[in-house]
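Chains, contacts and geometry: an overview
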Amino acid sequence: MNTVFLVSFFFLAFFNVAAVPVRAGQDEDETEKKARQVVQAAIEAMGGEAYLKVRNSASAGRYFGFRKGRKSFARYRDWTVYDPVKSRTEFGKGGNRFVQIYNLELKRGWTIEGEDFVEEIKPEQVEEFYNRTVRRDMDYIFKKRLDEEGMSLFYYGPNEVSGTGEFEAVELLDAGNYSIVVFFDVDNHLPGKVESYVANKMGVRQKSERELANWHMIQGINVPMRSDYYLDGELTAQYFIEEIQFNQSIPEEYFLEPVVEKE
């Protein structure tokens, strides 16, 4: 899914939800009401109906990866369809090309390396993509899942969020016990960070963070042009969007099994 973030010590030091006692009875109703008001204000800040009516996006930009002391750089292109979810991301080109495709309508996925090596993604990895990425994607939740049965929202005010009082937070918890916490600027209502916990291959729970910055209005939609990703506090990737378009005609074959022409 297309995304964008901001790196700074401020986010690492101050974007945390303080321990808050569980509310009960009427307080639960009030905190959910306030949480939904905050989310609605963010949706309006991101474009309102124009934002909610986004069917797909096509973007391009720069990617930086950070892993075990190594840095990598590539140009990327991304195509995302929201309903049903389909995703295609391409890094590099020619012999250095790497493509990742997920089609949740078919419950299948593929990777392409170089010019002609195609490999199908295992079904369990497709399921992991849904649970780890789609199910926790802020835009997907805001557009498609806010009113689904079992979705609960919890509000944390500026006094309950560590820092200078410039941010408030909402936790969104679904019936499957998957959750994200979104931090919002109290002045402009835009999301500044999305936080969740995911399990690695060893089953160890890790803190995943996405920070958003450099917002620009494009086709009536407010877009964060920079995204930074952290895992357990360590920077793992940065995406810088250089161009993006919404509700374009995307060829269906972009999300189907790749066909490699044999010489």
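Details of the structure are given in the entry above.
Here goes a summary of the coordinates provided. (Residues numbered from 1 in each chain as written. Predicted model: local features only at pLDDT ≥ 70, side-chain atom pairs only at ≥ 80, totals over all residues. Heavy atoms only, no water.)

**Brief notes about the overall build of the protein**
Helices and strands together make up the secondary structure of the protein, namely 5 helices and 13 strands. Taken across its 263 residues, the protein has 47% of its residues classed as buried. Of the roughly 14,200 Å² of accessible surface on the protein, 47% is carried by carbon and sulfur atoms. (Helix = DSSP H or I, 4+ residues; strand = E, 2+ residues; numbered from the N terminus. Buried < 20%, exposed > 50% of the residue type's maximum accessible area, 1.4 Å probe, protein only. Areas by Shrake-Rupley, 256 points an atom, 1.4 Å probe, with all protein chains shown as cover.)

**A few points about helix 5 (residues 138–145)**
Counting buried residues in helix 5 gives 7 out of 8 residues, a clear majority hidden from the surface. You can read the cap of helix 5 off the contacts: a side-chain oxygen lies 3.2 Å from the backbone nitrogen of Asp139, and it is on Asp137. (Polar contact = N/O pair within 3.5 Å; in protein donor to acceptor, adjacent residues only side chain to side chain.)

**Comments concerning unusual backbone geometry**
With an omega dihedral of -5°, the bond running from Asp83 to Pro84 counts as a cis peptide bond. Structurally, the position occupied by Pro84 is in the loop between strand 2 (70–82) and strand 3 (85–91). With phi around 70°, Asn177 is a residue other than glycine that occupies positive phi space. Relative to the helices and strands, Asn177 is located in the loop between strand 8 (167–173) and strand 9 (179–185). The exposure class assigned to Asn177 is exposed, which follows from its relative accessible area of 60%. Phi at Gln219 takes a positive value of approximately 55°, unusual for a residue other than glycine. As for its position among the elements, Gln219 is in the loop between strand 11 (205–218) and strand 12 (221–231).

**Quick notes on the pattern of salt bridges**
Applying the stated criterion across every chain yields a total of 18 salt bridges. Lys193 is the salt-bridge partner of Glu209, the closest N and O atoms lying 2.4 Å from each other. Taken together, the residues Glu209 in strand 11 and Lys193 in strand 10 (residues 191–199) connect sequence positions 16 residues apart. For Lys193, a relative accessible area of 1% gives the class buried. Connected through shared salt-bridge partners, Arg135, Arg145, Glu148 and Asp174 make up one network. (Salt bridge = Lys/Arg side-chain N within 4 Å of Asp/Glu carboxyl O.)

**Quick word on the pairing of strand 9**
The buried fraction of strand 9 amounts to 6 of the 7 residues, a majority that puts the element mostly inside the structure. Where strand 8 and strand 9 come together, 7 bridges link them in antiparallel fashion. Across the sheet, the residue bridging to Glu171 is Val181, located in strand 9. Taken together, strand 8 and the strand that follows it, strand 9, pair antiparallel across an intervening segment of 5 residues, in which Asn177 is found at a positive phi of about 70°. The pairing of strand 9 with strand 10 spans 4 bridges and is classified as antiparallel. Bridge pairing links Val182 to Val194 in strand 10. The loop that links strand 9 with its antiparallel partner strand 10 comprises 5 residues; one of these, His189, has a positive phi angle of about 70°. (Pairing = 2+ DSSP bridges.)

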